[in-house]
Amino acid sequence: MMILGIETSCDETAAAVVEDGRKILSNMVASQISIHRKYGGVVPELASRKHVESIVPVINEALSKARITMDEIEGVAVTRGPGLVGSLLVGICVAKSIAYVKKIPLVAINHLEGHVLAAFLEKEIPSFPFVALVVSGGHTNLYYVSDFAALELMGQTRDDAAGEAFDKVAKLLHLGYPGGVIIDALSKEGNPNAINFPRAYMEKDTFDFSFSGLKTAVVNYVKQNPNIVEHPESHTISVADLTASFQEAVVDVLISKTIKAAEEKGVGQIVLAGGVASNSRLRARLKDVARDRGLKVYIPAPELCTDNAAMVAACGYYRLKRGFQSSFDLDAISRNRDFD
Amino acid sequence: MRILAIDTATHLQSVALIDGEELIAEYTFNCPVTHAKLLVGTIELLLRNSNLTIDHIDGLAVSLGPGSFTGLRIGVSTVKGLALASAKSVVGVPTLDALAFNVPFTRNLICPIIDAKKGEVYTALYRMDEIKGLIKMTENLVMDPRVLLETIHEPVIFTGEGIKIYGMLINKTLGKLATFAPVQVRTVHAASVAYLGLSKFKQCIIQDVASLAPIYIRPSEAEIKWRERELLTKVP
């Protein structure tokens, strides 16, 4: 079954064609990073405007790369949320029209479920049940996944998403945009144990996260040690040490909660997904820690971790197989907690 | 030639189908939820009740704005999807043109106004010509209505729902020069979008589906603030 996936939840206009939820025939992404860079973050109105411009070319590219025509598409999967409503609506409206004209099923996808199912687009796939950590600029969610379309939310961030913390720290240090990628690269030259930033593990019985305290700790550190930014040569601790220490604190909490979740649920497999899953330190450390505990880790390739439509198409396939289908009164949802 | 037309520039949702000069159907309603939630359903219902399918349509027309940014994107994105899947041609029609088109039989200026919030209106000036039809005298504009009124020194017919907010101001400023269009033609009707679209099709003014974009006129808030900041830093 050939599914067209459409994803416009934030600042990437994406379309993909995936066969039977497994075989990626095309996976096109038009990034808007250059538009939002000077604002230091995604500007919702500009993102929405750009989606309107990019959506048709991106879908056409996805079809031509897959060497198929619109007539061969058997279903349309589209991200319904969570995300920026104005952005989501562009993809949703186009998807509905296509499904209507072609008389093919339409299926709405939760962006976070899509991220988890990206793991099924790899050669080696997890088997149910497993624990999944979706970590990105907008989300830090921990799931127990017992089947396709059966995700139980175990925990989530109570304030900043992990990726958001990366972006804010990068902004504070004037490192540029997008912050996560820059901090990842810079931190490779730094000492992750240079500064002992606080790790918020929260109450014993919760799988929730909190990163705003850590962000504040970094702000305070920079305030107390202004030389680190202004006169780095006179400071014994470099900016790379600072970002590596910050990153280590984030990674420690993410890994510890995820491992704890896997152990509590008695599962042997972990899926790491979402944009921050491209972080090299997080990938390496999680693999190490999991190996020591006899857990197997599945991390999609970086292009399947960042926002993409292949994951949406795959998720759509499995949802359609399980009888989920959306009607034309589908609307965008901005917050994850508003999903039914 | 059958044209399916869509307008979602304001709180009204309007979908119409014409066949040449004949109106087949027009569904216009005050949308109680988001346009996105209902639009494809409205199109489906209208076509079904007309005993037609999208295959029977020869062209698509969409109201491009100015108006609500989100509303415009919903209309334009929906039309893009329809065009992409059906390979039908598309034309865009400025929303103010469609409003002015509702007011025929006059040699006076025609001035549609749509509330643009922040104390401004979206507007343009038109005149009906016996031979050439509707002539647009200005660009699509966004401006303070008081400034707009200062530029008008002749009889003018106002239309558009902006009258609800600025009718009093217009009366006070222009007195007898101002006339107001009757209420039933003050709102955008997709049939007007369809007829204006039809004349574009006849002139072969077809738009590229990929680059079709709403007429926002206003830049985003972020861009405005950015420019202000840039100007400030240039002050010596």
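Q: What exactly am I supposed to notice about the layout of surface pockets here?
A: Unoccupied space between atoms shows up once a probe the size of one water molecule is rolled over them. Residues and elements named next belong to chain A. Counted as a void, the largest pocket has a volume near 1,400 Å³. Lining the largest pocket are 47 residues; nearest its centre among them are Cys10, Ser136, Gly137, Gly138 and Asp167. Listed by contribution, the elements that provide at least two residues to the lining of the largest pocket are strand S3 (23-31), helix H4 (111-117), strand S7 (140-147), helix H5 (162-172) and helix H6 (179-187). Per-element accounting of the lining of the largest pocket gives the leading share, six residues, to H5. Class assignment for the residues of the lining of the largest pocket results in 13 nonpolar, 24 polar and ten charged. There are two domains that each give the lining of the largest pocket at least three residues, and those are domain 1 (2-117 + 304-338) and domain 2 (126-299). A volume near 560 Å³ is recorded for the second largest pocket.

Q: Explain the packing of aromatic side chains here, please?
A: Each aromatic ring pair is summarised here by two numbers: the centre-to-centre distance and the angle between the ring planes. Counted according to the given criterion, the structure contains 15 aromatic pairs over all chains. With centroids separated by 5.9 Å and ring planes inclined at 90 degrees, the aromatic side chains of Tyr100(A) and Phe328(A) adopt a geometry described as edge-to-face. Within this pair, whereas Tyr100(A) is found in helix H3 (residues 85-102), its partner Phe328(A) is found in the segment after helix H12 (310-321), the two being separated by 228 residues in sequence. Since its relative accessible area comes to 19%, Phe328(A) is described here as buried. Taking 3.7 Å as the distance between ring centres and 5 degrees as the angle between the ring planes, the aromatic pair formed by Phe148(A) and Tyr318(A) counts as stacked. Placement of the pair is Phe148(A) in the loop between S7 and strand S8 (150-156) and Tyr318(A) in helix H12, with a sequence separation of 170 residues. Seen from the ring of Phe69(B), Arg49(A) lies directly overhead, with NZ or CZ sitting 4.7 Å from the centre. The ring of Phe324(A) is capped by Arg319(A), whose NZ or CZ atom sits 4.3 Å from the centre of that ring.

Q: What is the right way to look at the side chain of Thr106(B) in this model?
A: All names here are of chain B. Relative to the assigned elements, threonine 106 resides in the loop between helix H3 (95-101) and strand S6 (109-115). Residue class for threonine 106 comes out buried when judged on its relative accessible area of 12%. Engagement of the side chain of threonine 106 in a polar contact is seen with the backbone nitrogen of asparagine 108, the distance being 2.9 Å. When sequence neighbours within four positions are dropped, the list of residues in contact with threonine 106 reads Met128 and Ile157.

Q: Can you walk me through the interface of chain B and chain A in this structure?
A: The extent of an interface is frequently quoted as the accessible surface area lost upon association of the parts. Across the boundary between the two partners, chain B contributes 33 residues, which contact 30 residues of chain A. Around 2,800 Å² of area is buried between chain B and chain A when both sides are counted, 69% of it from carbon and sulfur atoms. Contact with chain A buries surface across chain B, with Val40(B), Arg73(B) and Leu84(B) losing the most and accounting together for 22% of the total. At the junction of chain B with chain A, the criterion picks out one salt bridge. Arg73(B) is the salt-bridge partner of Glu45(A), the closest N and O atoms lying 2.9 Å from each other. Inspection of the region where chain B meets chain A yields eight residue pairs in polar contact (both at pLDDT 80 or more). Of all the secondary-structure elements, those providing two or more residues to the side of chain B that touches chain A are helix H1 (35-49), helix H2 (69-86) and helix H7 (221-234) of chain B. It is H2(B) that contributes the most residues to the side of chain B that touches chain A, 13 residues altogether. Here the side of chain B that touches chain A is built from residues that sort into 19 nonpolar, eight polar and six charged.

Parameters and conventions
Throughout this description, residue numbers start from 1 for each chain and increase along the sequence as written. The lettering of chains begins at A and the numbering of ligands begins at 1, in the order of writing. Selection of residues for local features in this predicted model requires a pLDDT of at least 70, selection of side-chain atom pairs for listing and counting requires 80 or more, and totals for whole chains, interfaces and linings are taken over all residues. Hydrogens and water molecules were not included; the side-chain quantities draw on all heavy atoms of the structure. Buriedness for pockets is judged along seven lines, at least five of which must meet protein on both sides within 12 Å for an open set on the 1 Å grid over protein atoms alone, while cavities are sets there where a 1.4 Å probe fits but cannot get out, and lining residues have an atom within 4 Å of a point. Grid points are joined across faces, edges and corners, and a volume is the space filled by probe spheres set on the points. Secondary structure elements are taken from DSSP: a helix is a run of H or I of four residues or more, a strand is a run of E of two residues or more, and numbering for both begins at the N terminus. Gly falls in the polar group here, along with every residue not listed as nonpolar (Ala, Val, Leu, Ile, Met, Phe, Trp, Tyr, Cys, Pro) or charged (Asp, Glu, Lys, Arg). Domain start and stop positions are those given by an automatic or database domain assignment. Whether two aromatic rings pair depends on their centres lying within 6.5 Å, for rings of Phe, Tyr and Trp, where Trp uses its six-membered ring; planes under 30 degrees apart make the pair stacked, over 60 edge-to-face, and the rest tilted. For the exposure calls, accessible area comes from a 1.4 Å probe over protein chains only, and a residue counts as buried if that area is under 20% of its type's maximum, exposed if over 50%, partly exposed in between. A ring has a charge above it when a Lys NZ or an Arg CZ is no more than 6 Å from the ring centre and no more than 35 degrees off the ring normal. By the criterion applied in these results, polar contacts are pairs of N or O atoms within 3.5 Å in which, for protein atoms, one can donate a hydrogen and the other can accept it, and in which residues neighboring in sequence qualify only through two side-chain atoms. We call two residues in contact whenever any of their non-hydrogen atoms come within 4.5 Å of each other. A quick way to say it: buried area is the sum, across both parts, of accessible area lost when two parts are put together, with a 1.4 Å probe. Salt bridges are counted wherever a side-chain nitrogen of Lys or Arg sits within 4 Å of a carboxyl oxygen of Asp or Glu.

Remember, this is a structural readout, not a statement about activity or role.
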